[in-house]
Amino acid sequence: MSKLSYKELEKELIALKSIHNGSSKNKEYKTIFDSMPEMVEVIELIYNTNDEPIDFYIREVNLSFAKLLGKTRAQLIDKKVSSVVSIIEDNWFTYFASVDKTGETISFNNYGAEFDKHYFVTAWKISKDRVGISFTDVTKSEKAKIRDQKFNKTILDNIPADIAVFDKNHNYLYINPKAIRDDETRKWLVGKTDFDYCNLKGLDTSFAQGRRDIFNKVIKTKKQIEWVDTYQKEGKDVYIMRKFYPVIIDDIFQFVIGYGIDISELKIAKKKLKGLNNKLEQKVKERTVELINSEHKLRVSLSKEIELNDLKSKFISTASHEFRTPLSVITFAAGAIKKYRSKMAPMMIEKKLAKIEDQAMHMTALLEDILIVGQADAGKISNKPVFVNLGYFILEVIEEVYSSSQKSHEIALIDKEKLKSSAIFIDEKLARNIFTNLISNAVKFSPDAKKVIVELSSEENYTVISITDFGIGIPKSEFKNIFIPFRRGNNVDLIQGTGLGLSIVKGAIDIIAGKITVHSSIGNGTTFIVKIPKI
């Protein structure tokens, strides 16, 4: 029967106490009252002098209620409940007195420890000090609910993650043992906040405020938020991934679930993986560089091989040309002496022999130049520097070139800074290769000018020697090739040479760590500037 049915029976229940006859109507209601499956009783509250409920009389019961207590109605009616029931729930007196005093109907769940049963209890006011009470047995459903709750709690308690449930005010409703291991602290924290926990543990409340800010954002947006807490434990970094997840049913907020999972191993694994990836990337880069370098070396080797083949071709061509003339001269002179020796005057024979000697010396010089270039390419030229008097050395070279060129040109030495008495630290053989070639070239390539200037000067770190001629000059397009073996300018075809001189000069200057620059223009001559390092 519904609560409304109880209210309809209120007057009848009162009337039952004043029955004086057996009218059919009263019997009808009595039958209905006794046939109700709910256990119903009417009580009269007993108050002490302070108007506090201390007991109550049982004034009426139906058969279901009497059956519950295992007694007859006569054994119950007009008896104090304290004399009938051995275990009285503490909240009974308070609940029933509030109904008596306020007149408001109440309902609540109640566990009867004496009978190990669960009841849904409804209490309503009948008259002064009298309250009607119905008990509905909900033991089966309550025990099922308790089993479910225990089952769910067992799951939550054993999940290997921090689990907490909060109400809308961020008060704890539940915390599992993974989140708070201490049982007493965990029980104490229910109904409290992170601020209370911080105060309990003496922690900085900024931790609690941070959590509160995230929680409020979840409530406002109705969306979950994820973050990672980081701290150190026993000298190791610990990473906890946390989430606040709002539970909303039918657009009504229910609670927020918070959970945290230790992702330290995952983080460490990611760091290791990143480190391995970085190492792999570095190895790939290094290997790529190696491959690029190898390719470059192959290209350089190929280029050198091509250059070498080109040099070989030029060498054969140059050698054929350069050796043919002196050999022809030698052959002709030797043949003439052999054939006409008896008819030749001694002076004529001496002249022929002198030609043979000159041409032989020319071929020897050519071979020496080729040998020097080969040694330079192989890195076999030695460098044994000594202190050499600059003036004596340069004048000696000038004299040698002057004599070998049949004194065809004036070779002037300019020494404004009085450096002739100074010394240069240089391998003398390399120095001769440098300056003999440069001064000889100056004479050779200025057939009409008849003058070459050698000038001495000084810089902070170098002794500078410049050789200037006023001859045919070097085209600018040839500047990049002038130090390459067997390369000759396109304006020197009519002048004898091998194209090795400047290559020998450049090789020697590189060995002594010096510098060489050139300034030239067609028809106006050329200046080579050599810088010898000071020590």
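For the structure, check the block above.
Residue numbers restart at each chain and count upward from 1, following the sequence in its written direction. Residues qualify for local features only when their pLDDT is at least 70, as the model is predicted, and side-chain atom pairs are given and counted only at 80 or more; totals for whole chains, interfaces and linings, by contrast, use all residues. For the side-chain quantities, the full set of heavy atoms in the structure was used; hydrogens and water were omitted.

A. Looking closely at the sheet that holds strand S16 (residues 462–469). Only strands that DSSP links by at least two bridges are regarded as paired with each other. Numbering of helices and strands runs from the N terminus, with a helix taken as a DSSP run of H or I at least four residues long and a strand as a DSSP run of E at least two residues long. Spatially, five strands are ordered S13-S15-S16-S18-S17 in an open sheet, and the strand pairing comes out mixed. Each edge of the open sheet carries a strand with a single partner, namely strand S13 (410–414) and strand S17 (515–521). Averaged over all adjacent pairs, the angle separating strand axes in this sheet is 15 degrees, with direction ignored. Sheet topology places S13 next to strand S15 (residues 451–458); five bridges connect them, and they run parallel. Only the contacting stretch of a helix is used when fitting its axis, a line to C-alpha atoms as for every element, and angles between N-to-C directions run 0 to 180 degrees.

B. Representation of the environment of Ile511 in the model. By secondary structure assignment, the location of Ile511 is in helix H15 (residues 501–511). Remark: the alpha-carbon pair of Ile511 and Leu430, spanning 81 residues in sequence, is separated by 8.6 Å.

C. A look at the nonpolar core. Remark: nonpolar core denotes a set of buried residues (Ala, Val, Leu, Ile, Met, Phe, Trp, Tyr, Cys) joined through side-chain atoms within 4.5 Å. The buried label applies to any residue whose accessible area, calculated with a 1.4 Å probe on protein chains only, is under 20% of its type's maximum; exposed applies above 50%, and partly exposed to all values in between. Judged by nonpolar contacts, the single largest core of 36 residues is most densely connected at Ile434, Phe435, Ile465 and Ile467. Of all elements in the fold, only helix H13 (390–404), strand S14 (423–426), helix H14 (428–444), S15, S16, H15, S17 and strand S18 (525–533) reach the threshold of two or more residues within this core. The leading source of residues in this core is H14, at eight residues. Those residues in contact with Ile434 that lie beyond four places of it in its chain are Val505, Ala508, Ile509, Ile512 and Val530. Membership of the second largest hydrophobic core comes to 27 residues, among which are Leu45, Leu76, Phe96 and Phe108. Throughout, a residue-residue contact means that at least one pair of heavy atoms, one from each residue, lies within 4.5 Å.

D. Quick peek at the pairing of strand S9 (residues 225–233). Bridge count between S9 and strand S10 (residues 236–249): nine bridges; the pairing is antiparallel. Bridge pairing links Glu226 to Lys243 in S10. Where S9 folds back onto S10 in an antiparallel hairpin, the turn is made up of two residues, including Glu234, whose phi is positive at roughly 55 degrees.

E. Layout of the packing of H14 against H15. For the pair H14 and H15, the least separation of the axes is 9 Å and the interaxial angle reads 145 degrees. At the point where H14 passes H15, the crossing takes the left-handed sense. Side by side, H14 and H15 meet where Leu430, Asn433, Ile434, Asn437, Leu438 and Asn441 of the first sit next to Gly501, Leu502, Ile504, Val505, Ala508, Ile509 and Ile511 of the second. Looking at the contact of H14 with H15 residue by residue, the class counts come to nine nonpolar, four polar and no charged. Left-handed describes a crossing whose near helix is turned anticlockwise from the far helix through less than a right angle; right-handed describes the clockwise counterpart. When residues are grouped by polarity, Ala, Val, Leu, Ile, Met, Phe, Trp, Tyr, Cys and Pro land in nonpolar, Asp, Glu, Lys and Arg in charged, and all others, Gly among them, in polar.

F. Molecular detail of a nonpolar patch on the surface. A cluster of nonpolar side chains, Phe387, Phe425 and Ile535, forms an exposed patch at the surface whose accessible area comes to about 360 Å². Along the chain, Phe387 falls in strand S12 (residues 386–389). Without a salt bridge and with relative accessible area above 30%, a residue can belong to a patch; like charges are then joined within 9 Å and nonpolar side chains (Val, Leu, Ile, Met, Phe, Trp, Tyr) within 5 Å. Per-residue and other accessible areas follow the Shrake-Rupley method at a 1.4 Å probe size, with only the shown protein chains counted as cover for residues. Take a side-chain nitrogen of Lys or Arg and a carboxyl oxygen of Asp or Glu: if they are within 4 Å of each other, that pair is a salt bridge.

G. How the structure looks around the packing of aromatic side chains. Pairing of aromatic rings covers Phe, Tyr and Trp, the last through its six-membered ring, and needs centres within 6.5 Å; plane angles under 30 degrees mean stacked, over 60 mean edge-to-face, and all others mean tilted. In the structure shown here, the tally under the stated rule is 13 aromatic pairs. With centroids separated by 5.9 Å and ring planes inclined at 85 degrees, the aromatic side chains of Phe215 and Phe244 adopt a geometry described as edge-to-face. In this pair, Phe215 sits in helix H10 (residues 206–221) while Phe244 sits in strand S10, placing the two residues 29 residues apart along the sequence. The exposure classification of Phe215 matches that of Phe244, with both residues buried. Here Phe387 and Phe425 contribute two aromatic rings whose centre-to-centre distance is 4.7 Å and whose plane-to-plane angle is 50 degrees, an arrangement assigned as tilted. With Phe387 in strand S12 and Phe425 in strand S14, this pair connects stretches of sequence that are 38 residues apart. In this structure Phe387 comes out as exposed when scored by relative accessible area, which is 58%. A connected cluster of aromatic rings, assembled from ring pairs, spans Phe166, Tyr172, Phe215, Trp227 and Phe244. The ring of Tyr239 carries Lys267 above its face, with NZ or CZ at 5.6 Å from the centroid. Geometrically, a lysine NZ or arginine CZ counts as sitting over a ring once it is within 6 Å of the ring centre and also within 35 degrees of the ring normal.

None of the figures reported here should be taken as evidence of function without further support.
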